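Overview (structure and organization)
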Amino acid sequence: GPEHPELAKWLNDFAGLLEAQGNLAGAKPLVERAIAMTEKALGPEHLDLASQLNNLALVLKAEGNLAGAKSLFERAIAITEKTLGPKHPDLASQRNNLALLLQAEGDLA
């Protein structure tokens, strides 16, 4: 159906492709819809949501909204850490994305 979590995964993947191609205007509403669907169907701390939040953060960062991106990267990391543990390899790309954002902000501490 139109609110099924599998559709949310597909929307997130397609949004990631659009973001990688520089189509931020196309990516943003898709990933926002995926997030809303996932939160409604699976809850605010489901692992699928972490990937979607990470993708939206990449879009916001590319748009220049560093503060918005930072909070989403941090939320994605928190969900992944809680679900998979603090040493899981899936955290590497999320932490790297946050580190690159902090570098862009000039926060090198």
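Structure shown above.
Not measured: the values here are computed from a predicted model. Numbers given to residues run from 1 along each chain, matching the order in which its sequence is written. At least 70 in pLDDT is required for a residue's local features to be given in this predicted model, at least 80 for side-chain atom pairs to be given and counted, and no such filter applies to totals for whole chains, interfaces and linings, which use all residues. The side-chain numbers reported here are obtained from all heavy atoms of the structure, hydrogens and water having been left aside.

Focus: the overall build of the protein chain
So the rule is basically this: Numbering of helices and strands starts at the N terminus; helices are DSSP runs of H or I of at least 4 residues and strands are runs of E of at least 2. For the radius of gyration, the atoms used are the C-alpha atoms, and the globule rule reads 2.2 Å times the number of residues raised to 0.38. Exposure categories follow from relative accessible area, calculated using a 1.4 Å probe and restricted to protein chains: below 20% of the type maximum is buried, above 50% is exposed, and the middle band is partly exposed. In this description, contact between two residues means that some pair of their heavy atoms is separated by no more than 4.5 Å. In short, Shrake-Rupley with a 1.4 Å probe defines the accessible areas, and a residue's cover is counted only from the protein chains shown.
A tally of regular secondary structure across the protein chain gives five helices and zero strands. When the elements of the protein chain are put in sequence order from the N terminus, they spell out α-α-α-α-α. On C-alpha atoms alone, the protein chain measures out to a radius of gyration of 13 Å, which is about the 13 Å that the 2.2 N^0.38 rule sets for 109 residues. With respect to the principal axes defined by its C-alpha atoms, the protein chain has extents near 45 × 35 × 20 Å. Looking at the protein chain as a whole, 39% of its 109 residues qualify as buried. In the protein chain, 55% of the contacts between residues at least 6 apart in sequence involve partners at least 24 apart. Approximately 5,900 Å² of the protein chain is accessible, and the part contributed by carbon and sulfur atoms is 57%.

As for the packing of helix α3 (residues 47-63) against helix α5 (residues 91-105)
What counts here: Axes here mean lines fitted to C-alpha atoms, for a helix over just the part in contact, with angles spanning 0 to 180 degrees between N-to-C directions. Should an angle fall under 35 degrees it is called roughly parallel, over 145 degrees roughly antiparallel, and 65 to 115 degrees roughly perpendicular, with every other angle called oblique. By the definition used in this description, the sense in which the near helix is turned from the far one sets the handedness, with an anticlockwise turn below a right angle giving left-handed and a clockwise turn giving right-handed. Throughout this entry, Asp, Glu, Lys and Arg are counted as charged residues, while Ala, Val, Leu, Ile, Met, Phe, Trp, Tyr, Cys and Pro are counted as nonpolar. The remaining residues, Gly among them, count as polar.
Close contact between α3 and α5 brings their axes to 11 Å; oriented N to C, the two are set at 20 degrees. Comparing their axes, α5 and α3 come out roughly parallel. Crossing angle aside, the handedness with which α3 passes α5 is left-handed. Across the interface between the two elements, A50, N54, L58 and K61 from α3 touch Q94, N97, L100 and L101 from α5. Of the residues that constitute the contact of α3 with α5, the class distribution is four nonpolar, three polar and one charged.

A short note on the pattern of salt bridges
Filter applied, for reference: Whenever Lys or Arg places a side-chain nitrogen within 4 Å of a carboxyl oxygen from Asp or Glu, that contact is recorded as a salt bridge.
Applying the stated rule across the entire model yields six salt bridges. Measuring nitrogen to oxygen at the nearest pair gives 3.8 Å for the salt bridge that ties D48 to K9. Placement of D48 in helix α3 and of K9 in helix α1 (residues 5-20) is noted, with a sequence separation of 39 residues between them. Taking relative accessible area as the criterion, K9 reaches 32% and is therefore assigned partly exposed. One salt bridge connects K28 with E63, and the closest N-O pair in it is separated by 3.2 Å. In this pair, K28 is assigned in helix α2 (residues 24-42) and E63 in helix α3, connecting sequence segments 35 residues apart. The class of K28 is partly exposed, set by a relative accessible area of 23%.

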